[in-house]
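Residue-level structural notes
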Amino acid sequence: ASFFDAPHLKLESLNTDNLDGKVGIVLESSTNRTGYGASIAALRSGTNGHPDIVFNIHKGSKEGTEVLRIDEDGQVGIGVTDPDRPLEVVSTANNMAKFFSTDDLAIVEVRDNNTVGNIVTKDNVFGFGGSGSLSAHNLNIMTTTGNVGIGTTSPTVPLHVDSSTSDTVAIFKSSDSTARIQIQDDDTANHIVSNNSTLSLGANNTLHANNLNIDPN
């Protein structure tokens, strides 16, 4: 038998029309102050009687404030009455969510049907990547300095790349005929320019006679 055919406890709405209606359970937290507590309701809305489950908090109000809803498709909304994702959170607060582990490793896993990605925090390192632990295979950010590490879990400069045994440390590629890298201090900018097989080094961001130009021929 289904839950509807043989329930242990069944609450029904007195509204027999297939229109708006609700039936619920009220948890009252005060016997001498009306409208304080929480409620859980099965909410029917529309001519088709679509069922939602609604959780409300009551602070001196019998109507209460909705804090969570599960719609007929199983989608969960916090701060929103019409969630369009499995979990949708809407808030005016800047801090939207918090995931906290009481030991020295916290992992959030994001997965599709053939790929696993992880958000990892451990030992003042915030990592993104395929490894579910502190790993040089992730992109790692030191939370104490803001240094970014690729191939390392302990970057010592703003961008620290460790290619291990690979001779090629990085590739910078442009899809057109010119690729440019700018190096700048507080008052001077210099450039490394690759253009039509010529490497140019200097203050100019294009091939220029005042740069050092290296022709492979």
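First, a word on what this report is: a plain description of the structure on this page. (Residues numbered from 1 in each chain as written. Predicted model: local features only at pLDDT ≥ 70, side-chain atom pairs only at ≥ 80, totals over all residues. Heavy atoms only, no water.)

So, on to the overall build of the chain. In terms of regular secondary structure, the chain is built from zero helices and 16 strands. Taken over 217 residues, the chain has a buried fraction of 20%. Sequence-distant contacts in the chain: of pairs separated by 6 or more residues, those separated by 24 or more amount to 8%. Accessible surface for the chain amounts to roughly 16,100 Å². Of this, 53% is attributable to carbon and sulfur atoms. (Helix = DSSP H or I, 4+ residues; strand = E, 2+ residues; numbered from the N terminus. Buried < 20%, exposed > 50% of the residue type's maximum accessible area, 1.4 Å probe, protein only. Contact = heavy atoms within 4.5 Å. Areas by Shrake-Rupley, 256 points an atom, 1.4 Å probe, with all protein chains shown as cover.)

On to the environment of Ser-177, then. Structurally, the position occupied by Ser-177 is in the loop between β12 (159-161) and β13 (178-184). Residue contacts for Ser-177: discarding those within four places in its chain leaves Ser-194, Asn-195 and Asn-196.

What follows covers the pattern of salt bridges. Summed over all chains, the structure comprises six salt bridges. One salt-bridge network, held together by shared partners, links Asp-52, Glu-66 and Arg-69. (Salt bridge = Lys/Arg side-chain N within 4 Å of Asp/Glu carboxyl O.)

Turning next to the sheet that holds strand β15 (residues 198-202). If you trace the four strands from one edge of the open sheet to the other, you get β13-β14-β15-β16, paired in antiparallel fashion. Sheet topology places β13 and β16 (212-214) at the edges, where each strand pairs with a single neighbour. With strand direction ignored, the average angle separating the axes of adjacent strands in the sheet is 10°. Judged from the seven bridges that link them, β13 and strand β14 (residues 189-195) form a sheet pairing that is antiparallel. By the bridge assignment, Ile-183 is partnered in β14 with Asn-190. (Pairing = 2+ DSSP bridges. Axes fitted to C-alpha atoms, helices over the stretch in contact; angles between N-to-C directions.)

The tally for this structure, following the rule as stated, stands at one aromatic pair. Between the aromatic rings of Phe-126 and Phe-128, the centroid separation amounts to 4.7 Å while the plane-to-plane angle is 70°, which identifies the pairing as edge-to-face. Its relative accessible area of 35% is what places Phe-128 among the partly exposed residues. Between Lys-98 and the ring centre of Phe-100, over which it is positioned, the NZ or CZ distance is 5.6 Å. (Phe/Tyr/Trp six-rings, centres within 6.5 Å; stacked < 30°, edge-to-face > 60°. Lys NZ or Arg CZ within 6 Å of the ring centre and 35° of its normal.)

Moving on, we get to a nonpolar patch on the surface. The grouping of Phe-99, Val-108, Val-110, Ile-119, Phe-128, Leu-139, Ile-150, Leu-159, Val-161 and Val-169 at the surface amounts to a nonpolar patch, some 850 Å² of accessible area in total. Looking at the nonpolar patch, the elements that each hand over two or more residues are β7 (106-111) and β12. Relative to the helices and strands, Val-169 resides in the loop between β12 and β13. (Patch = residues over 30% accessible without salt bridge, like charges linked within 9 Å, V, L, I, M, F, W, Y side chains within 5 Å.)

What follows concerns the side chain of Arg-69. Mapped onto the secondary structure, Arg-69 falls in strand β4 (residues 65-70). The class for Arg-69 is buried, based on a relative accessible area of 9%. A polar side-chain atom of Arg-69 sits 2.8 Å from a polar atom in the side chain of Glu-66. Setting aside residues no more than four positions away along its own chain, Arg-69 makes contact with Leu-43, Asp-52, Ile-53, Val-54, Gln-75, Val-76, Gly-77, Val-80 and Thr-81. (Polar contact = N/O pair within 3.5 Å; in protein donor to acceptor, adjacent residues only side chain to side chain.)

So, on to the sheet that holds strand β10 (residues 139-142). In space, the six strands of this open sheet follow the order β7-β8-β9-β10-β11-β12, with mixed pairing throughout. Looking along the sheet, the strands with just one partner apiece sit at the ends: β7 and β12. With direction set aside, neighbouring strand axes in the sheet form an average angle of 15°.

Once that is clear, we can look at unusual backbone geometry. Among all residues except glycine, the phi angle is most often negative; among peptide bonds, the trans geometry is most common. In the Ramachandran plot, Ser-164 falls in the positive-phi region, its phi being about 55° despite a non-glycine side chain. Note on placement: Ser-164 falls in the loop between β12 and β13. Look at Ser-164 and you get exposed, because its relative accessible area is 61%. Unlike most non-glycine residues, Asn-196 shows phi in positive territory, near 45°. Here Asn-196 lies in the loop between β14 and β15.

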